Amino acid sequence: MSSTTSGGTRIVRRTPAPPRALSGDICVVGAGIAGMSAAIEAARLGRQVILVDSAPMLGGQSVGAIIATFCGLFSNGTHGFQLTRGIADDILDSLGADPRTLYYRHGPHTVVVYYDEIALARWFETTVQSLGITVLLGATLREVDRAGPRVTTLHCATRYGDVAISATGFVDASGDAALTYLAGFECREPDDARVFGTQMVVLENIDEAHAPTREGLAAAMAEHGEAFGVRRREGLAFIIPGSGVAALNVTHVETPLDPVAASANALEGKSQADRAVCLLKHAFPACFGPARVRAYGLPGIRQTRWIAGTHQLTAQEVIAGTRFDDAIARTAWPIELHDHASGHHWHVFDQDHIHYIPLRSLIPAGADNLVAAGRCIDADLAALSSVRVMGPCIAMGAAAAHALDLAGAGSTHQIDLGALKERIKHNVEGEHWRWKKTT
């Protein structure tokens, strides 16, 4: 009998296997929307990119948590202009080719784009493959080596063995500032205030003709929340017309950094979602009565730990629309602070308002080759609540890639700021009316 039919070779683990070694120009930790933007932008600059995520898929919360909306991508007003370009253009073009996967909701305050998370996931995957980006999924960051102000090597654990990653520059798009924290740079955590996350749930077989208004849904949550044991007393349903599917944003769950508590709250989030679905079936039987749960998202996290940058963006700067010399992103999204269980603070800006994010809020103090992007940049609670959404996160990822590209083996604190401004001016200047292509 040949060895090919013998049933396999017997092995015994004698000694620990050495870690698999990877090296590149730029390593991005976190494959959410900010990390995807950074990785794709860096690859398009000709850099050798390594993209790492602890989940078994690309897309982070934009896919796994089923956020279902591009927020903060447009200026205020029912038909505002697009504020962020880069991969935002590519995604809108690709998903917009099918009306079942993308829908522009105009108003009442701004343009919000609903999307199908499966279509977005496939766009991420095919784009990464086409650019030759090295992907490491299911990887837990364990330790980080430094040589003074420079990060040198990441040590990751996977179910298939350990991996050591070296690079010239690094992007912390982990959401929890995991890279910055493990590298020993200063970070911040909330004092007494808590920022609640959301357990998204997707319902199929809804009757769109009887869908409640936003005001009606919120009123029902407020009226029946106590009876159904629902913590949050308001919320939203995102429906792409003709899909028969609703993505529900109707829960509040705590998202602690403790691993055991986080795991317990992940289960509690689904229980909250179940109760909310029962409430909506009761309050709106014509719409939700025949519906069934198609999917539960991974726990949606708004804020946990973040970097201590060379500048902390403040709520006062957001409200004033402060234009920084090193601005790298802009948005008009409201202050959306989910700091109490039953609801959230919602501070809407006028139609002409735009606020900006400085590069200094992306660079950890004392770090030469590390740039943060996404929800772990340095901002106070209220300011971060207005810039952690998808639009500005795309711009932050792109800026991180360009800053590291310009820095090379030097420091991001000393890059040619004029050159950076020229590269990313499409994300901080001008009015771009891309929404007209879909109307």
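Further up the page is the structure itself.
Quick summary incoming for the structure in this document. These numbers were taken from a predicted model, which means no experiment stands behind them.

1. Details of the overall build of the protein
Part 1 of the reasoning: Across its full length, the protein holds 12 helices and 20 strands.
Part 2 of the reasoning: Its C-alpha atoms give the protein a radius of gyration of 22 Å, near enough to 22 Å, the size a compact globule of 439 residues would have.
Part 3 of the reasoning: Principal-axis analysis of the C-alpha atoms gives the protein an extent of 70 × 60 × 45 Å.
Part 4 of the reasoning: Residues classed as buried in the protein amount to 55% of the 439 residues present.
Part 5 of the reasoning: For the protein, the proportion of contacts with a sequence separation of at least 24, taken over those separated by at least 6, is 74%.
Part 6 of the reasoning: Of the roughly 18,400 Å² that the protein leaves accessible, carbon and sulfur atoms contribute 51%.
Part 7 of the reasoning: For the protein, the centre of its 38 positive side-chain charges and the centre of its 45 negative side-chain charges are spaced 6 Å apart.

2. Focus: the packing of helix α3 (residues 87–96) against helix α4 (residues 117–131)
The packing of two helices is summarised by the inter-axis angle and the distance between the axes.
Part 1 of the reasoning: Running from amino to carboxyl end, α3 crosses α4 at an angle of 125 degrees, the nearest separation of the two axes being 11 Å. With respect to α4, the axis of α3 lies oblique. You can see that α3 and α4 cross each other, and the crossing is right-handed. Facing α3, whose interface residues are I87, D90, I91, S94 and L95, α4 presents A119, L120, W123 and F124.
Part 2 of the reasoning: Grouping the amino acids of the contact of α3 with α4 by side-chain chemistry returns seven nonpolar, one polar and one charged.

3. Quick look at the sheet that holds strand β4 (residues 102–106)
Part 1 of the reasoning: Sheet architecture is open: three strands sit in the order β3-β5-β4, paired in antiparallel fashion. The open sheet has two edge strands with one neighbour each: β3 (69–70) and β4.
Part 2 of the reasoning: Two elements, β4 and strand β5 (residues 111–115), share five bridges in a ladder whose sense is antiparallel. Its bridge partner lying in β5, H106 is registered against V111.

4. Points about the pattern of salt bridges
Part 1 of the reasoning: Taken as a whole and assessed by the stated rule, the structure comprises 17 salt bridges.
Part 2 of the reasoning: Across the pair R44 and D90 runs a salt bridge, and its minimum N-O distance is 2.9 Å. Of this pair, R44 sits in helix α1 (residues 33–44) while D90 sits in helix α3; the two residues are 46 residues apart in sequence, bridging distant segments of the chain.
Part 3 of the reasoning: Linking D378 and R188 is a salt bridge whose minimum nitrogen-to-oxygen distance equals 2.9 Å. Remark: R188 occurs in strand β10 (residues 187–188) and D378 occurs in the loop between β20 (370–372) and α10 (381–387); sequence separation between them is 190 residues.
Part 4 of the reasoning: A residue is classified by how much of its surface remains accessible, and R188, at 30% relative accessible area, is partly exposed.
Part 5 of the reasoning: A cluster of three or more residues bridged by salt bridges with shared partners is formed by R47, D405 and R423.

5. Some details on the packing of helix α6 (residues 214–228) against helix α7 (residues 259–283)
Part 1 of the reasoning: Put simply, α6 and α7 touch, their axes get as near as 10 Å, and they point 120 degrees apart. The chirality of how α6 crosses α7 is right-handed. Contacts between α6 and α7 involve L217, A220, M221, H224, G225 and F228 from the first element and R275, C278, L279, L280, H282 and A283 from the second.
Part 2 of the reasoning: Its residues assigned to classes, the contact of α6 with α7 shows eight nonpolar, three polar and one charged.

6. Points about unusual backbone geometry
Part 1 of the reasoning: For the bond running from G107 to P108, omega is 5 degrees, close enough to zero to count as cis.
Part 2 of the reasoning: Along the chain, the position of P108 falls in the loop between β4 and β5.
Part 3 of the reasoning: Residue A68 is not a glycine yet carries a positive backbone phi of 75 degrees.
Part 4 of the reasoning: Mapped onto the elements, A68 comes out in the loop between α2 (60–64) and β3.
Part 5 of the reasoning: Take A68: its relative accessible area is 4%, and that puts it in the buried class.
Part 6 of the reasoning: A positive phi angle, close to 55 degrees, is found at A177, a residue other than glycine.
Part 7 of the reasoning: As for its position among the elements, A177 is in the loop between β9 (161–172) and α5 (178–182).

Rules behind the numbers
Every chain is numbered independently, its residues counted from 1 as its sequence is written. Local features in a predicted model are, by the rule used here, given only for residues with pLDDT of at least 70; side-chain atom pairs are given and counted only at 80 or more, and totals for whole chains, interfaces and linings are based on all residues. With hydrogens and water stripped out, all remaining heavy atoms of the structure feed into the side-chain values. The helix count covers DSSP runs of H or I at least four residues long, the strand count covers runs of E at least two residues long, and both are numbered beginning at the N terminus. For the radius of gyration, the atoms used are the C-alpha atoms, and the globule rule reads 2.2 Å times the number of residues raised to 0.38. Per-residue accessibility, obtained with a 1.4 Å probe over protein chains only, is compared with the maximum for each type, and a residue is labelled buried under 20%, exposed over 50%, and partly exposed between these values. Any two residues having at least one pair of non-hydrogen atoms within 4.5 Å are treated as being in contact. Surface exposure here means Shrake-Rupley accessible area, sampled with a 1.4 Å probe, where a residue is shielded only by the protein chains that are shown. His is not counted, nor are the chain ends; Lys and Arg add positive charge and Asp and Glu add negative charge. For charged residues, the charge sits on one atom: NZ in Lys, CZ in Arg, CG in Asp, CD in Glu. In this description, a line fitted to the C-alpha atoms serves as the axis of each element, helices being fitted only across the stretch in contact, and the angle between N-to-C directions of two axes falls anywhere from 0 to 180 degrees. The cut-offs work like this: below 35 degrees is roughly parallel, past 145 is roughly antiparallel, 65 to 115 is roughly perpendicular, and the gaps in between are oblique. What makes a crossing left-handed is the near helix being turned counterclockwise from the far one by less than a right angle; a clockwise turn instead makes it right-handed. All amino acids are sorted into three groups, where Ala, Val, Leu, Ile, Met, Phe, Trp, Tyr, Cys and Pro are nonpolar, Asp, Glu, Lys and Arg are charged, and the leftover types, Gly among them, are polar. DSSP bridges decide pairing: two strands pair if at least two such bridges lie between them. Each salt bridge in this description consists of a side-chain nitrogen of Lys or Arg and a carboxyl oxygen of Asp or Glu lying within 4 Å of one another.

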